[in-house]
Amino acid sequence: MVKLDEKKIIKPDAIYGTAPFWAWNGTMTPENIKAVIQELKGSGFGGAFVHPRPGLTNEYLSEEWFELWGIALEEGKSAGLKLYIYDENTYPTGYAGGHILSQLPDCAARSVKVRIFSSCRELLDFVENPCISQEERNFIRLYSGSCRDGKLVIKEDITDLTEGQIYAKKGVWIGACMQQPYSSAWFGGFSNADILRPEVTKLLLENTYEAYYQRFQSEFGDSIPAVFSDEPGISPGCVYLEDPMVFPFSRYLSSEFYRRRGYSMEDNMVSIVLDIDGVPGGIPAEQVRFDYYCTLRELWIENFAKPIRDWCQLHNIVWTGHFLDEHWPYPWGNCSPAVMSMYEYMQWPGIDMLMSHMLKEDGKSAMLLNVMELASAGTQLGKERLLCECYGAGGWDAGITDFKRIGDWLGVHGITFFNQHMMLTSVAGVRKQGHPQSFDSREPWWDEYAKLTPYYARLSYILSQGVTKHRILLIHPTTGWFLKLPQTQKGDILWGFEKMSKVDPIRTYIEFIQLLTANLVGFDLGDEFLLQKYG
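Figured I'd write up the structure that's included with this text.

Quick notes on the rules
Residues numbered from 1 in each chain as written. Predicted model: local features only at pLDDT ≥ 70, side-chain atom pairs only at ≥ 80, totals over all residues. Heavy atoms only, no water. Helix = DSSP H or I, 4+ residues; strand = E, 2+ residues; numbered from the N terminus. Rg over C-alpha atoms; globule rule 2.2 N^0.38 Å. Buried < 20%, exposed > 50% of the residue type's maximum accessible area, 1.4 Å probe, protein only. Contact = heavy atoms within 4.5 Å. Expected span 1.5 Å × (residues − 1). Bend = angle between axes of the 7 residues up to and from the residue. Salt bridge = Lys/Arg side-chain N within 4 Å of Asp/Glu carboxyl O. Disulfide = S-S within 2.5 Å. Axes fitted to C-alpha atoms, helices over the stretch in contact; angles between N-to-C directions. Parallel < 35°, antiparallel > 145°, perpendicular 65-115°, else oblique. Nonpolar A, V, L, I, M, F, W, Y, C, P; charged D, E, K, R; others polar. Patch = residues over 30% accessible without salt bridge, like charges linked within 9 Å, V, L, I, M, F, W, Y side chains within 5 Å. Areas by Shrake-Rupley, 256 points an atom, 1.4 Å probe, with all protein chains shown as cover. Phe/Tyr/Trp six-rings, centres within 6.5 Å; stacked < 30°, edge-to-face > 60°. Lys NZ or Arg CZ within 6 Å of the ring centre and 35° of its normal.

Counting secondary structure elements, the protein chain contains 17 helices and 16 strands. Taken against the 2.2 N^0.38 rule, which gives 24 Å for 535 residues, the C-alpha radius of gyration of the protein chain at 25 Å falls within 12% of a compact globule. Split into buried and exposed, the 535 residues of the protein chain put 59% on the buried side. Within the protein chain, contacts between residues at least 6 apart in sequence are counted, and of these 80% link residues at least 24 apart.

Now for helix α10 (residues 285-314). Since there are 3.6 residues in each turn of an α-helix, residues three or four apart along the chain are aligned in direction. Spanning 30 residues, α10 covers 42 Å between terminal C-alpha atoms, matching the ideal 44 Å at 1.5 Å per step. At Ile-301, α10 shows its maximal kink, close to 40 degrees. Positive backbone phi, at 60 degrees, marks Asn-316, one or two positions downstream of α10.

Turning next to the pattern of salt bridges. Opposite charge on two side chains allows them to pair when their charged atoms are near. Per the stated rule, a full pass over the model turns up 28 salt bridges. We note a salt bridge from Glu-298 to Arg-260, for which the minimum N-O separation is 3.0 Å. Of this pair, Glu-298 sits in helix α10 while Arg-260 sits in helix α9 (residues 251-261), placing them 38 residues apart in sequence. Residue Glu-298 is classed as partly exposed on the basis of its relative accessible area of 23%. Arg-261 is the partner of Glu-298 in a salt bridge, and the nearest nitrogen-oxygen pair spans 2.7 Å. Note that Glu-298 is positioned in helix α10 and Arg-261 in helix α9, a separation of 37 residues in sequence. Overlapping salt bridges, with partners in common, bring together Glu-256, Arg-259, Arg-260, Arg-261, Glu-298 and Glu-302 in one network.

For the structure shown, the criterion picks out zero disulfides. Left unpaired, Cys-131 is separated from the closest cysteine sulfur, that of Cys-177, by 15 Å. Residue Cys-131 is classed as exposed on the basis of its relative accessible area of 73%. Between Cys-390, a cysteine without a disulfide, and Cys-388, which holds the nearest cysteine sulfur, the sulfur-to-sulfur distance is 4.8 Å.

Turning our attention to the environment of Leu-473. Looking at the element boundaries, Leu-473 is found in strand β15 (residues 473-476). What makes Leu-473 partly exposed here is its relative accessible area of 42%. Sequence separation between Leu-473 and Leu-152 is 321 residues; the distance between their C-alpha atoms is 42 Å. What Leu-473 contacts, discounting residues up to four positions off in sequence, is Gln-380, Asp-524, Leu-525, Gly-526 and Leu-531.

In this fold, Val-50 is placed in strand β2 (residues 47-52). Residues Val-50 and Trp-173 lie 123 residues apart in sequence; the distance between their C-alpha atoms is 51 Å. The residues touching Val-50, leaving out its near neighbours within four places in the chain, are Trp-22, Trp-24, Trp-65, Trp-69, Leu-83, Tyr-84 and Tyr-86.

Take the packing of α9 against α10 next. For the pair α9 and α10, interaxial distance at closest approach is 10 Å and the crossing angle is 110 degrees. The angle between α9 and α10 falls in the class roughly perpendicular. The segment α9 lies against α10, with Tyr-252, Leu-253, Glu-256, Phe-257, Arg-260 and Arg-261 engaging Asp-291, Tyr-292, Cys-294, Thr-295, Leu-296, Glu-298, Leu-299, Glu-302 and Asn-303. The class makeup of the residues in the contact of α9 with α10 is seven nonpolar, two polar and six charged.

Together, Val-2, Leu-4 and Ile-462 line one region of the surface with nonpolar side chains, adding up to about 210 Å² of accessible area. You can see Val-2 is positioned in the segment before α1 (6-10).

Moving on, we get to the packing of aromatic side chains. Note on aromatic pairs: each is described by the distance of the centres and the angle between the planes. The full count for this structure, using the stated rule, is 51 aromatic pairs. Relative to Tyr-86, the ring of Phe-21 lies with its centre 5.4 Å away and its plane at 85 degrees, an arrangement referred to as edge-to-face. Here the residue Phe-21 occupies a position in strand β1 (residues 21-24), and Tyr-86 occupies one in strand β3 (residues 82-86), the gap between them amounting to 65 residues. As far as burial versus exposure is concerned, Phe-21 and Tyr-86 are alike and both buried. Taken together, a centroid distance of 5.5 Å and an interplanar angle of 50 degrees make the contact between Phe-117 and Phe-126 tilted. Since its relative accessible area comes to 6%, Phe-126 is described here as buried. In textbook terms, an aromatic cluster arises when at least three aromatic residues are bridged by ring pairs, as seen for Phe-21, Phe-49, Tyr-84, Tyr-86, Phe-228, Trp-348 and Phe-417. Arg-215 extends its terminal NZ or CZ atom over the ring of Phe-66, reaching a point 4.1 Å from the ring centre. Geometry around Phe-497 places Arg-507 over its ring, the cationic atom sitting 5.4 Å from the centre.

Structure follows, in structure tokens:
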């Protein structure tokens, strides 16, 4: 029987207090930093995550940045608050605000797109288009084929034929070509980095984690309890690309695929996005897809998750944050294969709970699945805290009843660390459109919210003391979707759950989970990879 400390119930330690993203999205000064710290203290928060956002005018990771961060830390210590590191300039984690690709330009996230040309004219228009790079026009693989009864069939590999020989073919052409990295102002003019590459994570740790440690190491594990990674994923180049014919690829990935699976990725890559007969590689399409997503996951763990976890353990700081968790069970797009199994590597794993309209009608949300994934992994792996980044993009019309309704629902399902999205330093210009609302005194409900922060601190403390035990394990069928094509996706948990057919297996599975919880049946989800490793 766990004995609770009555004094901590009345006034929990700051570590159990809620901690919003504190968006540094303007010109940060010692004066406005100190003012926000006092506002956080006066409203009952336990601390904050310093979160660089678009609009920031102070140079990220510069000496000025760390001087200002140090002022926030000292002011927070004086106020009895915790200050948390956010490991990126905006998100997703992995490019270090452009520092990585400025030093490792060959490590930009890349992809392949499979294209189908139904006529010679279409193929000519593509290869002669001056707006398309020469690299994209040099096909990794090019096949001639036909379409029989609505199904594509490859007849010949024509990659190495002359142009005249290629254009003389009849039928259809199927080509796999490299895509250029998607540079963006969001990435400071760079593109996303390939976090499957070990040198990318090594440089992320050197540029960001080590930079904080060199300056504030005496506070690690105390005034600085944790570092947050936001939505790291295996990128096909763009931040959130949704093209079903595009998938992550690099020569490094190709060599690792061959080393681990024993056959050529290039000879079989069209099978990742097409069910097509006559692929020269000869490997069944479903096996190719399964091997591909398993390889992505293995490299993600070995070259990203484990190094960051190990660094944090060595330097006395907790790794927390969340992956792209709303796309179960799909492994494609901005790939995050088998996210539940990744919770093993964070000391305080977390999820993202966007919006504020949910649970209004019937108290149900498809996001229950994400919470159950996290809670189940947390129970099975003995995680001390479970985080939720909550309320993001709730809108300026979100209110106190929304925060209470969603917060209680999260607590009931196992969340023990509430991370509000977010507290804006500036709302000037387009900054006010950056996924509001803002947890600060500009909101009409601010005085009332100050009554909720100590409530959730007490809830976090109490829930963190117990141990959940369930007698029922529900097998979580994730890897079956490694076999499927991206074109089969009909909506996902967050965006378009209502578009799914009532007999869609994803929908019926989630509704079954909702039925169990509504009838107070305690259960865990059993991830296939975690069962293989620990079951």
